[in-house]
Amino acid sequence: MPADEVDTAATDEPVAASGAAVPDRPGDPWDRRVADGLAFLRRRLSGEYEVDEFGFDPELTAAVFHPLLRLLYRDWFRTEVSGVEHVPVDGPALVVGNHSGTVALDALILSAALHDKHPAHRYLRLLGADLVFRMPVVSEIARKTGGTVACNPDAERLLGGGDLVGVFPEGFKGIGKLYADRYKLQRFGRGGFVSAALRTGTPIVPVAIVGGEEIYPMLADIKPLARLLKLPYFPVTPTFPWLGPLGMVPLPSKWLIEFCPPIPTAHLTDSADDPLVVFNLADQVRETIQQTLHSLLERRPDPFGP
């Protein structure tokens, strides 16, 4: 055999018809996705996953729920997030936001967007109303994604464990208000969230969310029907109930989310039971969010623009 001929039997490199070696190709990304999916199913079926004392399942949240929410906040709502540097990289913080939208999508969108945009990819442990945890399927999903009942003992346990906790003090008054009252913050209740922050010395991070008011503009509230169904309100929107199930598709409004500088509370831990301190701090948080909403609305003149 001539010395200049390549001994193809002595090499591990595949040889093309022309005689040139063909470099190894990286694996097909779909192979990796299928393998990851099968591994995920195996862990779920065998019970090889962890949940905390509240029922939070981070693996299921990251693999199933956040990808679905990502389609909404990134592609449908074209969400822009700013000020995420104000959310601590580690340790506890109480994230306080405005509530809106007839259906509380703002809480879910905030949770997913914060996880994706934060450098430490932190999870937001949402506090929800009792009604959420009385609904069979919704309750399970809320627990699995890190939610718990909006009560001070649970909030303090989460903050004491170093978690990010999300709360919407307006409650049903915020998501159930008419479109004519959009972006006007409702009363913050008794300031229980402030007491939880004070007792744990946790900073409060106000966050303003623009865009939620337009997804299901509530034109009217049929109160007799709401009482009959034991609901806080029964909405009438431009698409619901006229279009039936299609009326549940949210309108593609443009969203802006801005995290404000944190408000420290470590110096006020001895004032957790002082009504005046609690009220003043709650009012400071409320005013910060309201002013930020005005600023964001000026930046977004068209609710359905790019």
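All of the points below concern the structure found in this document. (Residues numbered from 1 in each chain as written. Predicted model: local features only at pLDDT ≥ 70, side-chain atom pairs only at ≥ 80, totals over all residues. Heavy atoms only, no water.)

## Focus on the sheet that holds strand β3 (residues 124-128)
This is how it is decided: The criterion for strand pairing is that DSSP finds at least two bridges linking the strands in question. Secondary structure elements follow DSSP: runs of H or I no shorter than four residues count as helices, runs of E no shorter than two count as strands, and numbering proceeds from the N terminus.
The strand order across the open sheet formed by seven strands is β1-β9-β6-β2-β5-β3-β4, and the pairing between neighbours is mixed. A single partner strand is all that each edge strand has here, and the edge strands are β1 (80-82) and β4 (148-149). As defined by bridge partners, strand β6 (residues 204-210) adjoins strand β9 (residues 256-259) across four bridges and the pair is classed as antiparallel. Bridge pairing links I209 to I257 in β9.

## Notes on empty space enclosed by the protein
Filter applied, for reference: Method remark: on a 1 Å grid restricted to protein atoms, a set of points is classed as a cavity if a 1.4 Å probe fits but cannot get out and as a pocket if it is open with protein on both sides within 12 Å along at least five of seven lines; lining residues have an atom within 4 Å of a point. Grid points are joined across faces, edges and corners, and a volume is the space filled by probe spheres set on the points. In this count, Pro and Cys sit with the nonpolar residues alongside Ala, Val, Leu, Ile, Met, Phe, Trp and Tyr, while Asp, Glu, Lys and Arg are called charged and the others, Gly among them, polar.
Across all of its chains, the model carries two cavities of 30 Å³ or more by this definition. Quantified by volume, the largest cavity comes out at close to 40 Å³. Taken together, G101, T102, I175, K177, L178, Y179, E213, Y216, P217 and M218 make up the lining of the largest cavity. For the lining of the largest cavity, the class distribution of residues is six nonpolar, two polar and two charged. For the lining of the second largest cavity, the residue count by class is two nonpolar, five polar and one charged.

## What about the environment of R199?
Defined as follows: Contacts are assigned to residue pairs that have any heavy atoms within 4.5 Å of one another. Pairs of N or O atoms within 3.5 Å make up the polar contacts considered here, provided that, within protein, one atom can donate a hydrogen while the other can accept it, and that residues adjacent in sequence are counted only when both atoms are side-chain atoms.
Mapped onto the elements of the fold, R199 is located in helix α7 (residues 192-200). When the C-alpha atoms of R199 and T265 are compared, they prove to be 8.8 Å apart, with 66 residues separating the residues in sequence. Setting aside residues up to four positions removed in sequence, R199 forms contacts with N152, E156, A272 and D273. At 2.5 Å, the side chain of R199 forms a polar contact with the side chain of D273.

## So, the pattern of salt bridges
Rules: Salt bridges are counted wherever a side-chain nitrogen of Lys or Arg sits within 4 Å of a carboxyl oxygen of Asp or Glu. Burial classes follow relative accessibility: with a 1.4 Å probe on protein chains only, a residue under 20% of its type's maximum area counts as buried, one over 50% as exposed, and anything between as partly exposed.
Counted under the stated rule, the structure contains 14 salt bridges. D75 serves as the salt-bridge partner of R74, at 3.5 Å between the closest nitrogen and oxygen. Taking relative accessible area as the criterion, R74 reaches 47% and is therefore assigned partly exposed. Judged by relative accessible area, which is 46%, D75 ranks as partly exposed. Between R199 and E156 there is a salt bridge, and its shortest N-O distance comes to 3.5 Å. One end of the pair, R199, is in helix α7; the other, E156, is in helix α5 (residues 152-160), and 43 residues separate them in sequence. The exposure class assigned to R199 is partly exposed, which follows from its relative accessible area of 39%. Relative accessible area serves as the criterion here: at 22%, E156 is assigned to the partly exposed category.

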